[in-house]
Amino acid sequence: MKLPKEYISVSQVNLWHQDRQKYINRYFLNLPEEPSIYMEFGKSFAEATETFIKEGIITPSLPHFYLNKIRPLKGMQAEKPISLSINGVTVVGYIDAWDQSGNTVIDFKTSGKPWTNDTLINSLQMKVYALAMYCNGEEIPLCQINWLGTKKTKEGITFTGESYELTHRFEMADLLQAIEFIYNTAKEISDAWNIYKS
């Protein structure tokens, strides 16, 4: 199966289903994109959390109201790379924080719209992370979302000060469903890529 890249990611799968033309522009045509303020804000926060978890260093992008919640994560594995092979399709990603002793996958989310239990339960990303760590362990890990609220102001994006955690443990049926969905999506992308290349 030929794909625009040698691998596929959850963000690619989601983009394919959300905005096919945007996917084609990005991965078929390699057109440059203007980064959004939301992406830049999320990236800055992700770098701050990674720095703190790995090195214990507090950077300006890490909000002070969140320090007590992130301190217990110091020393865990941050930005842990994962790689899966699904019927020959390589799926890659990065886990924000991996609590090996607690068998827990932790992912940070910053957004104006709050995450809910349903959002977590339906998250393809978290299913893939759970599958990856299950393949390396003995049982399906607990998945945890650490959500921080944001809002748009005249100065840009800022934190609201609201935050909470959500947890869920997927069943094997959920993981098998994710495998099927990713493979079928990869096949759709491959078929479209072959037509584009011909």
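1. Brief notes about the overall build of the chain
- Scanning the chain from terminus to terminus reveals seven helices and six strands.
- The linear arrangement of helices and strands in the chain, starting from the amino end, is β-α-α-α-α-β-β-β-α-α-β-β-α.
- Here the C-alpha atoms of the chain give a radius of gyration of 18 Å, agreeing with the 16 Å that 2.2 N^0.38 yields for 198 residues.
- A principal-axis box enclosing the C-alpha atoms of the chain has dimensions of 55 × 45 × 30 Å.
- Looking at the chain as a whole, 41% of its 198 residues qualify as buried.
- Counted over contacts in the chain with a minimum sequence separation of 6, partners at least 24 positions apart contribute 61%.
- Split by element, the accessible area of the chain, about 11,300 Å² in all, is 49% carbon and sulfur.

2. With respect to the pattern of salt bridges
- In the structure shown here, the tally under the stated rule is six salt bridges.
- The residue Arg26 makes a salt bridge to Glu33 at a minimum N-O spacing of 2.3 Å.
- Residue classification places Arg26 among the partly exposed residues on the basis of a relative accessible area of 27%.
- The partly exposed category is assigned to Glu33, whose relative accessible area is 39%.
- For Glu165, the salt bridge goes to Lys69, with nearest N and O atoms at 3.6 Å. Placement of Glu165 in strand β6 (residues 156-168) and of Lys69 in helix α4 (residues 67-70) is noted, with a sequence separation of 96 residues between them.
- Among the residues examined, Glu165 registers a relative accessible area of 36% and is labelled partly exposed.

3. Focus on the pairing of strand β4 (residues 104-111)
- Summarising burial for β4: seven of the eight residues are buried, a large majority.
- Looking at chain direction, strand β3 (residues 89-99) and β4 are connected through three bridges and run antiparallel. Directly across from Trp98, in β4, lies its bridge partner Val105.
- Counting the residues that bridge the hairpin from β3 to β4 gives four residues, and of these Asn103 lies at a positive phi of roughly 50°.
- Judged from the eight bridges that link them, β4 and strand β5 (residues 142-153) form a sheet pairing that is parallel. Within the sheet, the bridge partner assigned to Ile106 lies in β5 and is Gln144.

4. Here we look at the packing of aromatic side chains
- This model, assessed by the stated rule, comprises 13 aromatic pairs.
- Where Tyr23 meets Phe28, the ring centres are 6.0 Å apart and the plane angle is 80°; that geometry is what we call edge-to-face. Of the two residues, Tyr23 and Phe28, neither departs from the other in class, the shared state being buried.
- An aromatic cluster is built from Trp16, Tyr23, Tyr27, Phe28, Trp193 and Tyr196, whose rings are joined through pairwise contacts.

Definitions and limits used
Chains are numbered independently. Their residues run from 1 in the order of the written sequence. The model is predicted, so local features are restricted to residues of pLDDT at least 70 and side-chain atom pairs to those at 80 or more, both for listing and for counting; the totals for chains, interfaces and linings are taken over all residues. With hydrogens and water set aside, each side-chain value is computed from the structure's full complement of heavy atoms. Helix and strand definitions here come from DSSP, where helices need a minimum of 4 consecutive H or I residues and strands a minimum of 2 consecutive E residues; each element is numbered from the N-terminal end. C-alpha atoms define the radius of gyration in this analysis, and the globule rule sets the expected value at 2.2 Å times the number of residues to the power 0.38. Residue burial is assigned from relative accessible area. The probe radius is 1.4 Å, only protein chains are included, and a residue is buried under 20% of its type maximum, exposed over 50%, and partly exposed in between. Whether two residues are in contact is decided by their heavy atoms, any of which lying within 4.5 Å being enough. For accessible areas, the Shrake-Rupley method is used with a probe of radius 1.4 Å. Any residue's cover is judged against the shown protein chains and nothing else. By definition here, a salt bridge exists when the distance from a side-chain nitrogen of Lys or Arg to a carboxyl oxygen of Asp or Glu is within 4 Å. Here, a strand pair is defined by DSSP locating no fewer than two bridges between the strands. Only rings of Phe, Tyr and Trp enter the pairing, Trp through its six-membered ring, and a pair is recorded when the two centres are within 6.5 Å. The plane angle decides the type: under 30 degrees is stacked, over 60 is edge-to-face, the rest tilted.

Purely geometric numbers; function is a separate question.
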